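# Structural overview
Here are the chains, one letter per residue:
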Amino acid sequence: MLDASRRANSLTALKSFTWGTVGHLPCVNLLSGPLSIILFHHRIRPRHTPGAQRVIASSGSARPETGTGTTGGLSGPPVAGRLIAPSLDVHASFLDALSEYHEEGIHLDLVSEELVDTTTFQAWADGLQLAGVRGEASCERDRVPHRVLWWVHNDQYIGRVRINLTLNESLLAFGGHIGYDVRPSARRQGHATALLGEALRVAHNLGVATALLTCAPENTASRRVIERNGGSLRDVSSAGRLRYWCLTR
Ligand SMILES: CC(C)(COP(=O)(O)OP(=O)(O)OC[C@H]1O[C@@H](n2cnc3c(N)ncnc32)[C@H](O)[C@@H]1OP(=O)(O)O)[C@@H](O)C(=O)NCCC(=O)NCCS
(Lines give C-alpha, C1' and ligand atoms only; values in the text may rest on other atoms or scores of the structure.)
Protein backbone atom coordinates (compact mmCIF):
# COMPACT_ATOMS: atom_id res chain seq x y z
CA MET A 1 0.00 0.00 0.00
CA LEU A 2 1.34 3.44 -0.86
CA ASP A 3 1.58 5.97 1.93
CA ALA A 4 -0.15 9.32 1.48
CA SER A 5 2.78 11.34 0.15
CA ARG A 6 3.89 8.53 -2.15
CA ARG A 7 0.37 8.17 -3.47
CA ALA A 8 0.20 11.91 -4.11
CA ASN A 9 3.46 11.75 -6.03
CA SER A 10 2.28 8.72 -7.87
CA LEU A 11 -0.97 10.29 -8.96
CA THR A 12 0.78 13.46 -9.98
CA ALA A 13 3.08 11.43 -12.16
CA LEU A 14 0.05 9.89 -13.86
CA LYS A 15 -0.67 13.22 -15.43
CA SER A 16 2.33 12.79 -17.61
CA PHE A 17 1.72 9.17 -18.50
CA THR A 18 2.03 8.74 -22.18
CA TRP A 19 3.01 6.00 -24.50
CA GLY A 20 5.52 8.49 -25.89
CA THR A 21 7.25 7.39 -28.99
CA VAL A 22 6.13 3.80 -28.70
CA GLY A 23 8.63 1.87 -30.68
CA HIS A 24 7.72 2.91 -34.14
CA LEU A 25 4.49 4.47 -33.04
CA PRO A 26 3.98 8.18 -33.20
CA CYS A 27 3.69 10.26 -30.10
CA VAL A 28 0.61 8.56 -28.77
CA ASN A 29 -0.31 10.19 -25.53
CA LEU A 30 -3.06 8.27 -23.96
CA LEU A 31 -3.71 10.46 -21.00
CA SER A 32 -3.58 14.13 -20.51
CA GLY A 33 -5.54 16.87 -18.90
CA PRO A 34 -6.08 17.68 -15.28
CA LEU A 35 -5.76 14.95 -12.74
CA SER A 36 -9.11 16.01 -11.38
CA ILE A 37 -10.71 14.50 -14.44
CA ILE A 38 -9.26 11.14 -13.56
CA LEU A 39 -10.17 11.34 -9.93
CA PHE A 40 -13.64 12.62 -10.61
CA HIS A 41 -14.26 9.96 -13.15
CA HIS A 42 -12.99 7.35 -10.77
CA ARG A 43 -15.25 8.55 -8.02
CA ILE A 44 -18.39 8.33 -10.05
CA ARG A 45 -17.72 5.09 -11.86
CA PRO A 46 -19.31 1.90 -10.56
CA ARG A 47 -17.19 -0.60 -8.73
CA HIS A 48 -15.14 -2.87 -10.90
CA THR A 49 -16.78 -6.20 -11.58
CA PRO A 50 -14.24 -8.87 -12.50
CA GLY A 51 -15.00 -10.32 -15.87
CA ALA A 52 -17.28 -7.47 -16.87
CA GLN A 53 -14.86 -5.99 -19.36
CA ARG A 54 -16.17 -2.79 -20.83
CA VAL A 55 -16.15 -1.71 -24.42
CA ILE A 56 -14.63 1.61 -25.23
CA ALA A 57 -16.45 1.84 -28.55
CA SER A 58 -19.53 2.79 -26.65
CA SER A 59 -21.13 5.02 -29.23
CA GLY A 60 -23.70 2.31 -29.67
CA SER A 61 -22.73 1.55 -33.20
CA ALA A 62 -19.63 -0.42 -32.45
CA ARG A 63 -19.66 -4.12 -31.90
CA PRO A 64 -19.13 -5.04 -28.32
CA GLU A 65 -16.18 -7.27 -27.58
CA THR A 66 -14.86 -8.43 -30.84
CA GLY A 67 -14.77 -12.11 -30.04
CA THR A 68 -11.97 -14.36 -31.01
CA GLY A 69 -9.71 -12.80 -33.51
CA THR A 70 -8.44 -14.52 -36.57
CA THR A 71 -5.62 -13.56 -38.81
CA GLY A 72 -7.80 -10.93 -40.39
CA GLY A 73 -9.86 -13.55 -42.16
CA LEU A 74 -6.73 -14.69 -43.95
CA SER A 75 -5.15 -18.09 -44.15
CA GLY A 76 -3.45 -19.51 -41.11
CA PRO A 77 -4.63 -20.81 -37.78
CA PRO A 78 -6.92 -18.61 -35.73
CA VAL A 79 -5.26 -16.43 -33.13
CA ALA A 80 -7.07 -16.23 -29.82
CA GLY A 81 -7.66 -12.72 -28.63
CA ARG A 82 -10.18 -9.95 -28.36
CA LEU A 83 -10.26 -6.21 -28.01
CA ILE A 84 -11.49 -4.78 -24.75
CA ALA A 85 -11.49 -1.43 -23.06
CA PRO A 86 -8.50 -0.99 -20.73
CA SER A 87 -9.42 -3.08 -17.73
CA LEU A 88 -8.29 -4.14 -14.30
CA ASP A 89 -9.00 -7.71 -15.41
CA VAL A 90 -5.54 -7.90 -16.98
CA HIS A 91 -3.77 -5.87 -14.32
CA ALA A 92 -1.05 -8.38 -13.36
CA SER A 93 -0.39 -9.31 -16.92
CA PHE A 94 -0.22 -5.67 -18.01
CA LEU A 95 2.49 -5.04 -15.41
CA ASP A 96 4.44 -8.05 -16.72
CA ALA A 97 4.11 -6.68 -20.23
CA LEU A 98 5.33 -3.30 -19.05
CA SER A 99 8.50 -4.92 -17.70
CA GLU A 100 9.06 -6.46 -21.11
CA TYR A 101 8.57 -3.14 -22.85
CA HIS A 102 10.97 -1.49 -20.41
CA GLU A 103 13.63 -4.10 -21.11
CA GLU A 104 13.16 -3.20 -24.74
CA GLY A 105 13.52 0.48 -23.86
CA ILE A 106 10.01 1.61 -24.71
CA HIS A 107 7.07 2.87 -22.65
CA LEU A 108 9.59 4.10 -20.12
CA ASP A 109 7.25 6.90 -19.10
CA LEU A 110 4.85 4.36 -17.63
CA VAL A 111 6.17 3.53 -14.17
CA SER A 112 5.26 0.02 -13.04
CA GLU A 113 5.44 0.83 -9.33
CA GLU A 114 2.83 3.52 -9.76
CA LEU A 115 0.42 1.17 -11.45
CA VAL A 116 0.68 -1.66 -8.94
CA ASP A 117 -2.04 -0.15 -6.82
CA THR A 118 -5.36 -1.34 -8.24
CA THR A 119 -7.20 1.90 -7.53
CA THR A 120 -4.54 3.91 -9.30
CA PHE A 121 -4.52 1.47 -12.19
CA GLN A 122 -8.29 1.63 -12.55
CA ALA A 123 -8.24 5.42 -12.50
CA TRP A 124 -5.54 5.45 -15.16
CA ALA A 125 -7.40 2.95 -17.34
CA ASP A 126 -10.60 4.96 -17.03
CA GLY A 127 -8.66 8.10 -17.88
CA LEU A 128 -7.50 6.53 -21.13
CA GLN A 129 -11.06 6.10 -22.24
CA LEU A 130 -12.19 9.52 -21.14
CA ALA A 131 -9.28 11.17 -22.93
CA GLY A 132 -10.22 9.31 -26.09
CA VAL A 133 -13.82 10.40 -26.03
CA ARG A 134 -12.79 13.97 -25.35
CA GLY A 135 -9.96 13.95 -27.84
CA GLU A 136 -7.44 14.92 -25.18
CA ALA A 137 -3.73 14.24 -25.23
CA SER A 138 -0.62 15.95 -23.98
CA CYS A 139 0.88 15.71 -27.46
CA GLU A 140 -0.84 18.13 -29.82
CA ARG A 141 -0.76 15.70 -32.73
CA ASP A 142 -2.91 13.25 -30.81
CA ARG A 143 -5.67 15.63 -29.84
CA VAL A 144 -8.34 13.96 -31.89
CA PRO A 145 -11.20 11.74 -30.78
CA HIS A 146 -9.81 8.26 -30.40
CA ARG A 147 -10.24 4.89 -28.76
CA VAL A 148 -7.63 2.85 -26.98
CA LEU A 149 -8.33 -0.87 -26.84
CA TRP A 150 -6.33 -3.73 -25.42
CA TRP A 151 -5.84 -7.05 -27.14
CA VAL A 152 -6.23 -9.77 -24.52
CA HIS A 153 -6.67 -13.48 -24.17
CA ASN A 154 -8.46 -14.50 -20.97
CA ASP A 155 -6.66 -12.51 -18.27
CA GLN A 156 -3.55 -12.02 -20.36
CA TYR A 157 -2.63 -8.63 -21.79
CA ILE A 158 -1.10 -9.07 -25.25
CA GLY A 159 -1.10 -5.69 -26.95
CA ARG A 160 -2.96 -2.52 -27.64
CA VAL A 161 -4.31 -0.40 -30.41
CA ARG A 162 -5.22 3.24 -30.72
CA ILE A 163 -7.88 4.16 -33.27
CA ASN A 164 -8.03 7.81 -34.28
CA LEU A 165 -11.48 8.75 -35.51
CA THR A 166 -10.28 11.83 -37.36
CA LEU A 167 -6.97 12.96 -38.81
CA ASN A 168 -5.10 16.24 -38.58
CA GLU A 169 -2.13 17.39 -40.64
CA SER A 170 0.34 15.75 -38.29
CA LEU A 171 -1.44 12.42 -38.21
CA LEU A 172 -1.65 12.46 -41.99
CA ALA A 173 2.13 12.51 -42.07
CA PHE A 174 2.84 10.34 -39.02
CA GLY A 175 0.44 8.11 -37.18
CA GLY A 176 -2.65 7.81 -39.32
CA HIS A 177 -5.85 6.29 -37.99
CA ILE A 178 -4.46 3.21 -36.30
CA GLY A 179 -1.37 2.48 -34.22
CA TYR A 180 -0.63 -0.74 -32.32
CA ASP A 181 1.94 -2.78 -30.54
CA VAL A 182 2.29 -6.29 -29.15
CA ARG A 183 4.23 -7.15 -26.00
CA PRO A 184 7.64 -8.57 -26.85
CA SER A 185 6.99 -12.09 -25.47
CA ALA A 186 3.88 -12.48 -27.65
CA ARG A 187 5.33 -11.38 -30.96
CA ARG A 188 5.56 -13.48 -34.12
CA GLN A 189 2.46 -15.45 -33.23
CA GLY A 190 0.05 -13.60 -35.47
CA HIS A 191 -1.36 -11.33 -32.78
CA ALA A 192 -0.75 -8.01 -34.50
CA THR A 193 -2.28 -9.29 -37.70
CA ALA A 194 -5.39 -10.46 -35.88
CA LEU A 195 -5.50 -7.36 -33.70
CA LEU A 196 -5.45 -5.05 -36.71
CA GLY A 197 -8.16 -7.09 -38.39
CA GLU A 198 -10.41 -6.58 -35.40
CA ALA A 199 -9.42 -2.93 -35.04
CA LEU A 200 -10.47 -2.30 -38.63
CA ARG A 201 -13.92 -3.65 -37.79
CA VAL A 202 -14.16 -1.37 -34.78
CA ALA A 203 -12.96 1.59 -36.86
CA HIS A 204 -15.61 0.80 -39.45
CA ASN A 205 -18.31 0.75 -36.82
CA LEU A 206 -17.08 4.09 -35.56
CA GLY A 207 -17.38 5.67 -38.99
CA VAL A 208 -13.90 5.30 -40.47
CA ALA A 209 -14.46 3.88 -43.95
CA THR A 210 -10.86 3.87 -45.11
CA ALA A 211 -8.07 3.86 -42.58
CA LEU A 212 -4.66 5.43 -43.02
CA LEU A 213 -1.81 3.41 -41.54
CA THR A 214 1.70 4.74 -41.51
CA CYS A 215 4.86 2.86 -40.73
CA ALA A 216 8.62 3.18 -40.94
CA PRO A 217 10.03 1.65 -44.12
CA GLU A 218 12.34 -0.58 -42.08
CA ASN A 219 9.54 -1.95 -39.90
CA THR A 220 9.09 -5.18 -41.83
CA ALA A 221 6.77 -6.74 -39.26
CA SER A 222 4.36 -3.83 -39.29
CA ARG A 223 4.41 -3.66 -43.07
CA ARG A 224 3.44 -7.33 -43.19
CA VAL A 225 0.69 -6.77 -40.64
CA ILE A 226 -0.79 -3.97 -42.73
CA GLU A 227 -0.42 -5.78 -46.03
CA ARG A 228 -2.02 -8.93 -44.68
CA ASN A 229 -5.00 -6.81 -43.71
CA GLY A 230 -5.41 -5.45 -47.20
CA GLY A 231 -3.40 -2.27 -46.83
CA SER A 232 -2.46 -0.66 -50.11
CA LEU A 233 0.79 1.29 -50.21
CA ARG A 234 0.03 4.74 -51.58
CA ASP A 235 3.07 6.97 -50.99
CA VAL A 236 5.67 8.18 -48.53
CA SER A 237 4.69 11.01 -46.24
CA SER A 238 6.65 14.17 -45.58
CA ALA A 239 7.76 12.50 -42.34
CA GLY A 240 9.24 9.59 -44.26
CA ARG A 241 6.50 7.11 -43.34
CA LEU A 242 5.06 4.61 -45.72
CA ARG A 243 1.40 5.45 -46.12
CA TYR A 244 -1.04 2.62 -46.54
CA TRP A 245 -4.77 2.94 -46.96
CA CYS A 246 -6.91 0.11 -45.78
CA LEU A 247 -10.61 -0.49 -46.30
CA THR A 248 -12.34 -1.09 -43.00
CA ARG A 249 -15.01 -3.73 -42.83
C1 LIG B 1 5.11 -4.67 -35.33
C2 LIG B 1 4.50 -5.60 -34.31
C3 LIG B 1 3.19 -4.99 -33.81
C4 LIG B 1 4.23 -6.97 -34.95
O5 LIG B 1 3.57 -7.77 -34.00
P6 LIG B 1 3.50 -9.37 -34.16
O7 LIG B 1 2.40 -9.84 -33.27
O8 LIG B 1 4.84 -9.96 -33.95
O9 LIG B 1 3.10 -9.55 -35.68
P10 LIG B 1 2.55 -10.88 -36.36
O11 LIG B 1 2.92 -12.06 -35.51
O12 LIG B 1 1.12 -10.69 -36.69
O13 LIG B 1 3.46 -10.98 -37.68
C14 LIG B 1 3.12 -10.32 -38.86
C15 LIG B 1 4.14 -10.64 -39.93
O16 LIG B 1 5.36 -9.98 -39.61
C17 LIG B 1 6.41 -10.92 -39.55
N18 LIG B 1 7.29 -10.49 -38.50
C19 LIG B 1 7.03 -10.37 -37.21
N20 LIG B 1 8.10 -9.90 -36.55
C21 LIG B 1 9.06 -9.77 -37.49
C22 LIG B 1 10.39 -9.31 -37.42
N23 LIG B 1 10.96 -8.93 -36.26
N24 LIG B 1 11.11 -9.29 -38.57
C25 LIG B 1 10.57 -9.66 -39.74
N26 LIG B 1 9.29 -10.08 -39.86
C27 LIG B 1 8.55 -10.13 -38.73
C28 LIG B 1 5.75 -12.23 -39.23
O29 LIG B 1 6.54 -13.32 -39.63
C30 LIG B 1 4.49 -12.13 -40.05
O31 LIG B 1 4.81 -12.35 -41.39
P32 LIG B 1 3.84 -13.20 -42.34
O33 LIG B 1 2.55 -12.42 -42.41
O34 LIG B 1 4.55 -13.24 -43.63
O35 LIG B 1 3.66 -14.53 -41.70
C36 LIG B 1 5.45 -5.81 -33.09
O37 LIG B 1 6.71 -6.21 -33.58
C38 LIG B 1 5.63 -4.56 -32.24
O39 LIG B 1 4.85 -4.35 -31.31
N40 LIG B 1 6.64 -3.75 -32.55
C41 LIG B 1 6.89 -2.50 -31.82
C42 LIG B 1 5.81 -1.45 -32.10
C43 LIG B 1 5.54 -1.23 -33.57
O44 LIG B 1 6.44 -1.26 -34.39
N45 LIG B 1 4.26 -0.98 -33.89
C46 LIG B 1 3.83 -0.71 -35.26
C47 LIG B 1 3.88 0.75 -35.55
S48 LIG B 1 3.56 1.12 -37.29
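Refer to the structure printed above.
Below or above, wherever it landed, is the structure these notes cover. Everything numeric here is computed off the predicted structure, so don't read it as measured data.

Further remarks concern the overall build of the chain. Scanning the chain from N- to C-terminus turns up eight helices and seven strands. Looking at the chain as a whole, 44% of its 249 residues qualify as buried. Long-range pairs, those at least 24 residues apart, make up 67% of the contacts in the chain with a sequence separation of at least 6.

A few words now on the nonpolar core. Of all hydrophobic cores here, the largest spans 47 residues; its most connected members are Val161, Ile178 and Ala199. Ranked by residues supplied to this core, first place goes to helix 7 (residues 191–205) with eight residues. Beyond its immediate sequence surroundings of up to four residues, Val161 is in contact with Leu83, Leu149, Trp151, Ile178, Tyr180, Leu195 and Ala199.

Below, the discussion takes up the sheet that holds strand 5 (residues 210–215). The three strands lie next to each other as 5-7-6, forming an open sheet whose pairing is antiparallel. The open sheet terminates on both sides in strands that have one partner only, identified here as strand 5 and strand 6 (232–236). Averaged over all pairs of adjacent strands, the angle between strand axes in this sheet comes to 30 degrees, irrespective of strand direction. In the sheet, strand 5 pairs with strand 7 (residues 242–247) via six bridges, with the strands oriented antiparallel.

Looking at where Leu247 falls in the secondary structure, it is placed in strand 7. Sequence separation between Leu247 and Arg201 is 46 residues, and the spatial gap between their C-alpha atoms is 9.7 Å. Excluding residues within four positions of it along the chain, Leu247 makes contact with Thr210 and Gly230.

This part covers unusual backbone geometry. Its identity as a non-glycine residue notwithstanding, His107 has a phi of 60 degrees, on the positive side. For His107, the location among the structural elements is in the loop between helix 3 (91–104) and helix 4 (112–115). Its identity as a non-glycine residue notwithstanding, Arg188 has a phi of 60 degrees, on the positive side. Take Arg188: there are 9 C-beta atoms within 10 Å of it, and that puts it in the exposed class.

Working definition: the strands of a sheet are paired by backbone hydrogen bonds and lie parallel or antiparallel to each other. Taking strand neighbours across the sheet as the criterion, the four strands line up as 1-2-3-4 in an open arrangement whose pairing is antiparallel. Of all the strands in the sheet, just strand 1 (82–84) and strand 4 (178–182) have a single pairing partner and so form its edges. Going across the sheet, the axis of each strand differs from the next one's by a mean of 25 degrees, ignoring polarity. Where strand 2 (residues 146–153) and strand 3 (residues 156–164) come together, eight bridges link them in antiparallel fashion. Bridge assignment links Arg147 to a residue of strand 3, and that residue is Ile163.

Of note, Val111 is situated in the loop between helix 3 and helix 4. Here the alpha-carbon distance between Val111 and Leu98, two residues 13 residues apart in the chain, equals 8.4 Å.

Conventions adopted
- Residues numbered from 1 in each chain as written.
- Predicted model: local features only at pLDDT ≥ 70, side-chain atom pairs only at ≥ 80, totals over all residues.
- Helix = DSSP H or I, 4+ residues; strand = E, 2+ residues; numbered from the N terminus.
- Buried ≥ 20, exposed ≤ 12 C-beta atoms within 10 Å, placed from the backbone.
- Contact = placed C-beta atoms within 7 Å.
- Core = buried A, V, L, I, M, F, W, Y, C linked by C-beta atoms within 7 Å.
- Pairing = 2+ DSSP bridges.
- Axes fitted to C-alpha atoms, helices over the stretch in contact; angles between N-to-C directions.

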